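So you can see what is in the structure, the chains are spelled out below.
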Amino acid sequence: MFDVLIKNANLPDGREGIDIAISGGRIAAVGPGIAAEAGETIDATGRLVTPPFVDPHFHMDATLSLGLPRMNVSGTLLEGIALWGELRPTLTREALVERALRYCDLAVSQGLLAIRSHVDTSDPKLVTAEALIEVREAVAPYIDLQLVAFPQDGYYRAEGGVDALNRALDMGLDIVGGIPHFERTMADGAASVAALCRIAAERGLPVDMHCDETDDPMSRHIETLAAETVRFGLKGRVAGSHLTSMHSMDNYYVSKLIPLMAEAEINVIPNPLINIMLQGRHDTYPKRRGMTRVRELMEAGLNVSFGHDCVMDPWYSMGSGDMLEVGHMAIHVAQMAGIEDKRKIFDALTVNSAKTMGLQGYGLEKGCNADLVILQARDPLEALRLKANRLLVMRRGNAIARAAPRVSTLDLAGRPKTVDAADYAPLRPGRG
Ligand SMILES: [Zn+2]
């Protein structure tokens, strides 16, 4: 007797007609035709069942602050930075917690059950860290939230930045952040990378830096980050977020850089929505896309996972907690339109990001946590195309969000009465 039995599921790896049995919050069996009693039986009707979406790069202290203290009228990065500067001194713990919890509600409805959030440590009051630690605890039953100590104004550049970051780690933030391209000089940037990797090694923590988020091909802090990762024995525990300068680098240099990154087992986190919005702003035409080299990094064996980065904050007025929207943009910007390409993009929103975050018990194999999402789509390709509706979101075997199937009714003479966008499969020869 199982707690829950999900029948007739399609899995991301292409298997169809699979049953998933759940007991005690874990997956007890996966396979075709499981015949057993269950407290609840759910017919997935040939829809895609996936492990939850995972966002490895977000800013939960800024999210949903759009409009405070005013709108970003120009939509530029510079006005966004100015806005955050105006907002930050007015932040209260209560308001930060409330906005973060509201975002987590949205995330759950989107099947997004693990998030790594950067937390700005530039204001020495550290009200951001206090608030997000409270949120981490509050959402633990339904979201795995990791917190990065992020010196937004520069580890060395901001007055008191060194002390504030270390105090934030003392308070219990999980990961060492950085922003080397924003330090005053290339040398300061490289020194910050070394210092922050040393802190991570001494404290036994992972590293996740905003790294080379610029179009300057000479912004090469990822090289230093990879080298310091090897030097401090941090292989596999370090992430490079953005890495947009790699888009503009010389190909010869990149041919030397990528193997070093692979040796250091760097986790690569592009943020397609933000990167296509904010990069190339100094170009006229041709205008660079600015996203890092996703295909080449994947082909070299690096773990690539995509982040949402921002939702309705001073830098980005859009976004909805939908990782499929992130993947949809990634397909376009990276021009990864092949069938296998799209499967890899779907993995970059799920299993790859789970690896970046070091999540335990993630997946749909026997013994994993019974965390999953049923989508209104047959397979990962359709899910990405439609940014598919989340019909059911499950955490440890309990349904924590449900949505009715999205179906429109039509009133057209001689045409069908209803339209389900997830009912438009590619045509197959001989089957119409
Ligand atoms: Zn970011």
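Quick note: structure is the one above.
Figured I'd write up the structure that's included with this text. (Residues numbered from 1 in each chain as written. Predicted model: local features only at pLDDT ≥ 70, side-chain atom pairs only at ≥ 80, totals over all residues. Heavy atoms only, no water.)

What to know about the coordination of the zinc ion
Stage number 1. Every protein donor of the zinc ion is accounted for by His57 (NE2), His59 (NE2), His210 (NE2) and Asp309 (OD), and the metal-donor separations fall at 2.1 to 2.5 Å.
Stage number 2. In this structure, the zinc ion is coordinated by four donor atoms arranged in irregular fashion, with angles at the metal of 86 to 179 degrees.
Stage number 3. On the basis of relative accessibility, which here comes to 3%, the residue aspartate 309 falls in the buried class. (Donors = N, O, S within 2.8 Å, 3.2 Å for Na, K, Ca; no water. Tetrahedral: all angles 85-135°; square planar, octahedral: opposite > 155°, others 65-115°. Buried < 20%, exposed > 50% of the residue type's maximum accessible area, 1.4 Å probe, protein only.)

Some words on the sheet that holds strand E5 (residues 49-50)
Stage number 1. If you walk across this open sheet you meet the four strands as E5-E14-E15-E16, and the pairing is antiparallel. A strand with exactly one partner marks an edge of an open sheet, and here the two such strands are E5 and strand E16 (398-402).
Stage number 2. For strand E14 (residues 372-375) and strand E15 (residues 390-395), the ladder comprises four bridges, and the chain directions are antiparallel. For leucine 375, the partnering residue across the bridge sits in E15 and is arginine 390. (Pairing = 2+ DSSP bridges. Helix = DSSP H or I, 4+ residues; strand = E, 2+ residues; numbered from the N terminus.)

Description of the nonpolar core
Stage number 1. If you look at the biggest cluster of nonpolar residues, it comprises 98 residues, and the most contacted ones within it are Met60 and Met261.
Stage number 2. Setting aside residues no more than four positions away along its own chain, methionine 60 makes contact with Ala100, Tyr103, Cys104, Ile115, Ser117, His118, Leu132, Val135 and Leu145.
Stage number 3. Ala9, Ile22, Ile42 and Leu364 belong to the second largest nonpolar core, which has 19 residues in total. (Core = buried A, V, L, I, M, F, W, Y, C linked by side-chain atoms within 4.5 Å. Contact = heavy atoms within 4.5 Å.)

Let's talk about the pairing of E14
Stage number 1. Side-chain alternation along E14 places Leu372 and Ile374 on one buried face and Val373 and Leu375 on a second face that is also buried.
Stage number 2. The pairing of E5 with E14 spans two bridges and is antiparallel. Note on E14: the bridge partner recorded for valine 49 is isoleucine 374.

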